[in-house]
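What follows is each chain in one-letter form.
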Amino acid sequence: MQIEIHEIARQVGGRVCGDGKRVIEGIKSLEAAEPGDISFFADTRYADLLQETRAGAIMVREEVPGFKGPQVIVANPQVAYARVAALFQRALPRYSGVSPDAFIHPSARIGAGASIHPLVFVGEDAFIGDDAALFPGAYVGARARIGARTVLHPNVSVLHECIVGNDVIVHAGTVIGSDGFGYVRDGGRSLKIPQIGIVQIDDGVEIGANNCIDRAALGRTWIQQGVKTDNLVQIAHNVVIGEGSLVVALTGISGSVKIGRGVILGGQVGIADHVEIGDGAMVGSQSGIMRSIEPGEAVTGSPAMPHRQFMRIAALTARLPQLNERVKKLEKMIEALGPSVKGRT
Amino acid sequence: MQIEIHEIARQVGGRVCGDGKRVIEGIKSLEAAEPGDISFFADTRYADLLQETRAGAIMVREEVPGFKGPQVIVANPQVAYARVAALFQRALPRYSGVSPDAFIHPSARIGAGASIHPLVFVGEDAFIGDDAALFPGAYVGARARIGARTVLHPNVSVLHECIVGNDVIVHAGTVIGSDGFGYVRDGGRSLKIPQIGIVQIDDGVEIGANNCIDRAALGRTWIQQGVKTDNLVQIAHNVVIGEGSLVVALTGISGSVKIGRGVILGGQVGIADHVEIGDGAMVGSQSGIMRSIEPGEAVTGSPAMPHRQFMRIAALTARLPQLNERVKKLEKMIEALGPSVKGRT
Amino acid sequence: MQIEIHEIARQVGGRVCGDGKRVIEGIKSLEAAEPGDISFFADTRYADLLQETRAGAIMVREEVPGFKGPQVIVANPQVAYARVAALFQRALPRYSGVSPDAFIHPSARIGAGASIHPLVFVGEDAFIGDDAALFPGAYVGARARIGARTVLHPNVSVLHECIVGNDVIVHAGTVIGSDGFGYVRDGGRSLKIPQIGIVQIDDGVEIGANNCIDRAALGRTWIQQGVKTDNLVQIAHNVVIGEGSLVVALTGISGSVKIGRGVILGGQVGIADHVEIGDGAMVGSQSGIMRSIEPGEAVTGSPAMPHRQFMRIAALTARLPQLNERVKKLEKMIEALGPSVKGRT
């Protein structure tokens, strides 16, 4: 694909400095770009790469004096990058229509324009929305609903009755609607609590690869609009995650946790059951959350504490050997004061 | 489905206070219940919900004065809830018989009443027990054995020679019998140690979604009767997990670890290789276990220590800034005592 | 299978003490071995097992006085064990040729001797190398390349354009080429950054079960020759892992991390984005890496520090109650010195 710089500028709402007719054939990082590529500069940590790049053009916030090719000046080069990358992205290969080698229950309904690959299974009374795409190995259980334009990547399992909204992306290997981990002790054995609720995933959500989202014991596990999860995330029964929240890889969210809007959970975070995380809170990687977190709080650590306190305590912990020496020295000094001091305590 | 209260009471071994003829159509939480539903009260943290619930009936330990509908008095409302939820649970949709679109090796034996969906693969000399159910994407390798009434959810892989007992549930995406992580350094490269053992899973076990249970290097990895694992659990080669133990999500158990009966491992726990965990021990979430744990011990932390000690040390760690200030103040005081003190040390 | 001891000795480059004609039928651990088995002794922690074993023969570094059967003396019994286990290992059951029940796009090319099981999907313009084996549920996307002799276990997904080298093993349920977790805030919502790069996996790599390896945003995520990963490992976009490095289970590696050669990452490690880990570094289990690590360093902890310092600080942390008591005692002693001291500060 070939695009002229002025067309790129138009698409990202930018202004051209230099030759707007220059033809661009791809987008690459500053390090990897060749003269036919456009690149972008957004992270000041990498300012020196600007001097060395072979890119034919760049998208930047302010004009770069030394750069020889055309520049596109934009308010947010990262957003511009996302938009230009979309121009150069090859469309996912879609099976055209419903493959005769997919297994679709006669009672299931398939929307117009849906792409159903071979080796897909769609169960009784399930519903697949218009223009949805189901890749090989995707499983949609009985009475489950998949929204319009939603993509289920290979080997995704959406179990019975679960609801996936419109414009959702579910990456490969993810399981939606497995049973929650619920047992009650009954005469020395673990009696299974039937998990008869569902998972509901709202519009515009993206779920990473090999996630597990358990169905509710009763009611629903609910992933609200625009939530994004990374890979290998565990979401237990009856969890609610509010609009636009982000969950990084290998994080585990226990049963009935309520997470607000715009929350960011770092990687490998663990959250105890029934805890609430307020809107806009941020949880550092590897934190362990035992108690509810107020809106807007930034916490880290296991058990978690305010992020600044964590940083201070981490520094003091690293100096424990010195603290120990200081106390030893004091002890010697007091010792040196002789029996008079000790006698008085 | 409709059941009268006296029938529910009979099924859970309870006593009715109020109208035993009241018809119930579902079970919901106290918050979500409507007049046609029964609910239950087991967790005293939610006592105020009892006053507000719209539930038509409740299961409780002792009669609740303010509640207007019929009450079922039971010794354990949680157990009663599990039993009543089972009454209202819809059966899993089962394929009737063996689908012609499953791939069953001619030498494999399939028990009476087994449900084999399309897109299932059963290898050479494998055995599937009576009334077992294999969902689409399930893979059973050569010479593997799946017990009676066992359910393999979609996209589960049970590799060659592994043995899964009766009444086992394996949730979607789980892998049983992958190679253990075993290499030996040989002239600067990692030589693979062939993993020629198996996985044996005993009766009544439930394995969560996207688990990995590695086959033994030699001998067997052994998950004993009634063990329950949550999602995304890693069980390495030659691990033994004793009867009735519970393993919460994202926990990793290294090679040759021996876990006793009735052990509870919290979420995101890591256990070093060859460690033993005694019967009835409890390990707090995110703990790191480097040494063997005695029966009945409750430990937390990384490295783990007795749970009470962990709580005390977590509190002291959070007060390190104050401790540091106290030592500073002592230093100033000693300093103020002048050269006489310092001279004597 | 039956092998005489002198033949085993020949294969492992060892020397026989005792009856070289003894016939061996299997290899087992010292504990499990029967008179028909050979075993091996490599780990001095288990020296007492040597006295009790029923093994018919053993492989050892030095002759064991008490043992009655033939002994094979080798420089490295662990390497010898790996080689002998390979002799007794049953070959993986391979489908002979390309199953008519696999779905191969007409434009895909399949190498000579490749084993393509039923229920495999190979997309447009994909390439499968000679003697490769694809198990049921394996998915190979458009334009992806799978090398010679490479094995994709059941339900593995290799997405479009990704490159897997020769002699690679990918265990069941693993996803290669899912989208990286990349968004940019754009007017209050998360705009997806298209992930238009690939994953490249070099020769001789082994990837555990249920791993996730994300495609690069731009360019490639690169797993170099001989790398081995355990189960449930997360590798984000644009990560590079150098030759021969080992990654233990449940570890998460964030975007653009560069890992050198011969690095060992323990289990449940987390590494922040853009960090570099030098050649030969070792990272202890459950560590959190926020800053780059020098070649050869051994670090542990979250945040990580040199391993020895970590051990010392862990010991001091466990004695915080005592340190607190010591400071209290000093405070009392100083208090006892009376107003004269306090007046001077």
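As shown above, the structure is provided for reference.
Quantities reported herein were computed from a predicted structural model and do not represent experimental measurements.

K.L.:
Just to check I follow, could you spell out the overall build of chain A for this structure?
P.N.:
Per the secondary structure count, chain A includes 6 helices and 39 strands. For 345 residues, the compact-globule estimate of 2.2 N^0.38 gives 20 Å, and chain A exceeds it by more than 25% at 27 Å. Principal axes of the C-alpha set define a box for chain A whose edges measure 95 × 75 × 30 Å. Within chain A, the fraction of its 345 residues that count as buried is 59%. Within chain A, contacts between residues at least 6 apart in sequence are counted, and of these 17% link residues at least 24 apart. About 13700 Å² of surface is accessible on chain A, with carbon and sulfur atoms providing 50% of the total.

K.L.:
Even after reading the chapter, I still don't get the sheet that holds strand β29 (residues 240-241) of chain B, so can you show me in this structure?
P.N.:
Residues and elements named next belong to chain B. Spatially, β9-β12-β15-β18-β23-β26-β29-β32-β35 is the arrangement adopted by the 9 strands of the open sheet, whose pairing is parallel. Either end of the sheet is taken by a strand with one partner, and the two such strands are β9 (109-110) and β35 (276-277). Note: strand β18 (residues 163-164) against strand β23 (residues 198-201), 2 bridges, orientation parallel. Counterpart to Ile163 in the pairing with β23 is Gln200.

K.L.:
Even after reading the chapter, I still don't get the sheet that holds strand β2 (residues 15-17) of chain A, so can you show me in this structure?
P.N.:
Strand pairing in a sheet relies on backbone hydrogen bonds, with the paired strands running either antiparallel or parallel. Residues and elements named next belong to chain A. If you trace the 5 strands from one edge of the open sheet to the other, you get β2-β7-β6-β5-β4, paired in mixed fashion. Looking at the sheet topology across the chains shown, the edges are occupied by β2 and β4 (26-27). Summarising the sheet, strand β6 (residues 57-60) and strand β7 (residues 71-73) pair through 3 bridges and their orientation is parallel. Along β7, the bridge assignment pairs Ile58 with Gln71.

K.L.:
I tried to follow the side chain of Asn210(B) on my own but got confused; where do I start?
P.N.:
As for its placement among the helices and strands, Asn210(B) is situated in the loop between β24 (206-207) and β25 (212-214). A relative accessible area of 1% places Asn210(B) in the buried class. A polar atom in the side chain of Asn210(B) sits 3.4 Å from the backbone oxygen of Asn211(A). Those residues in contact with Asn210(B) that sit more than four places away from it in its chain are Gly173(A), Val175(A), Asn210(A), Asn211(A), Cys212(A), Ala172(B), Gly173(B), Thr174(B), Leu232(B), Val233(B), Asn210(C) and Leu232(C).

K.L.:
How should the relation of the copies chain A and chain C be read in this particular structure?
P.N.:
Mapping between the two chain copies consists of a rotation about an axis together with a translation along that axis. Under the fitted operation, chain A is carried onto chain C by 0.0 Å of movement along the axis and a turn of 120°, and the coordinates agree to an RMSD of 0.1 Å. Viewed as a symmetry operation, the transformation between the two copies matches a three-fold axis.

K.L.:
Is there a simple way to explain the interface of chain C and chain B in this structure?
P.N.:
Size of an interface: often given as the accessible area lost when the parts come together. Chain C puts 66 residues into the contact, and the matching count from chain B is 67 residues. Across the chain C to chain B interface the summed buried area is about 5100 Å²; carbon plus sulfur atoms make up 67%. Here Glu206(C) and Lys192(B) are joined by a salt bridge, their closest N and O atoms 2.7 Å apart. At the boundary of chain C with chain B, the tally comes to 19 residue pairs in polar contact (both at pLDDT 80 or more).

K.L.:
For this particular structure, what's the right way to read the environment of Ala57(B)?
P.N.:
Residue and element names in this part refer to chain B. Residue position: Ala57 is located in strand β6 (residues 57-60). As for Ala57 and Val98, which are separated by 41 residues in sequence, their C-alpha atoms are 43 Å apart. Residue contacts for Ala57: discarding those within four places in its chain leaves Ile5, Ile24, Asp37, Ile38, Ser39, Phe67 and Pro70.

K.L.:
How do you make sense of the interface of chain A and chain C when you look at a structure like this?
P.N.:
With 66 residues of chain A in contact, the opposing surface of chain C contributes 67 residues. The contact between chain A and chain C buries some 5100 Å² in all, and 67% of this surface belongs to carbon and sulfur atoms. The three residues of chain A that bury the most area against chain C are Leu119(A), Gln286(A) and Leu320(A), which together make up 10% of that side's buried surface. Between chain A and chain C we count 3 salt bridges in total.

K.L.:
I keep staring at unusual backbone geometry and nothing clicks. Help me out?
P.N.:
Here the amide bond leading from Ser302(A) into Pro303(A) is cis, since omega sits at 0°, within 30 degrees of zero. On the secondary structure map, Pro303(A) appears in the loop between β38 (298-300) and β39 (305-306). Here the phi dihedral of Arg149(C) falls at roughly 65°; this positive angle occurs in a residue that is not glycine. Within the secondary structure layout, Arg149(C) lies in the loop between β15 (145-146) and β16 (151-152). Its identity is not glycine, yet His274(C) carries a phi of approximately 70°, on the positive side. Looking at the element boundaries, His274(C) is found in the loop between β34 (270-271) and β35 (276-277). Accessibility expressed as a relative area gives 33% for His274(C), which makes it partly exposed.

K.L.:
I would appreciate a short explanation of the packing of aromatic side chains in the present structure.
P.N.:
Given two aromatic rings, one states the distance between the centres and the angle between the planes to describe the pair. A complete count under the given rule lists 12 aromatic pairs over all chains for this structure. The interplanar angle of 90° and the centroid separation of 6.5 Å between the aromatic rings of Phe135(A) and Tyr139(C) together place this pair among those described as edge-to-face. Of this pair, Phe135(A) sits in the loop between β13 (133-134) and β14 (139-140) while Tyr139(C) is found in strand β14 (residues 139-140), placing the two residues in two different chains. Note on accessibility: Phe135(A) and Tyr139(C) belong to one class, buried. For the pair Phe121(B) and Tyr139(B), a centre-to-centre distance of 5.4 Å together with 10° between the ring planes defines the contact as stacked. Highlighted residues: Phe121(B) in strand β11 (residues 121-122) and Tyr139(B) in strand β14 (residues 139-140), separated in sequence by 18 residues. We classify Tyr139(B) as buried; its relative accessible area is 5%. Here a set of aromatic residues connected by ring pairs shows up, and it is made of Phe121(A), Tyr139(A) and Phe135(B). The residue whose ring lies beneath Arg145(A) is Phe127(A), and the NZ or CZ to ring-centre distance is 4.6 Å. When the ring centre of Trp222(A) is taken as reference, the NZ or CZ atom of Arg220(A) above it lies at 3.6 Å.

The rules behind these values
Residues numbered from 1 in each chain as written. Chains lettered and ligands numbered in written order. Predicted model: local features only at pLDDT ≥ 70, side-chain atom pairs only at ≥ 80, totals over all residues. Heavy atoms only, no water. Helix = DSSP H or I, 4+ residues; strand = E, 2+ residues; numbered from the N terminus. Rg over C-alpha atoms; globule rule 2.2 N^0.38 Å. Buried < 20%, exposed > 50% of the residue type's maximum accessible area, 1.4 Å probe, protein only. Contact = heavy atoms within 4.5 Å. Areas by Shrake-Rupley, 256 points an atom, 1.4 Å probe, with all protein chains shown as cover. Pairing = 2+ DSSP bridges. Polar contact = N/O pair within 3.5 Å; in protein donor to acceptor, adjacent residues only side chain to side chain. Least-squares fit on C-alpha atoms with pLDDT ≥ 70 in both. Buried area = accessible area lost by both parts, 1.4 Å probe. Salt bridge = Lys/Arg side-chain N within 4 Å of Asp/Glu carboxyl O. Phe/Tyr/Trp six-rings, centres within 6.5 Å; stacked < 30°, edge-to-face > 60°. Lys NZ or Arg CZ within 6 Å of the ring centre and 35° of its normal.

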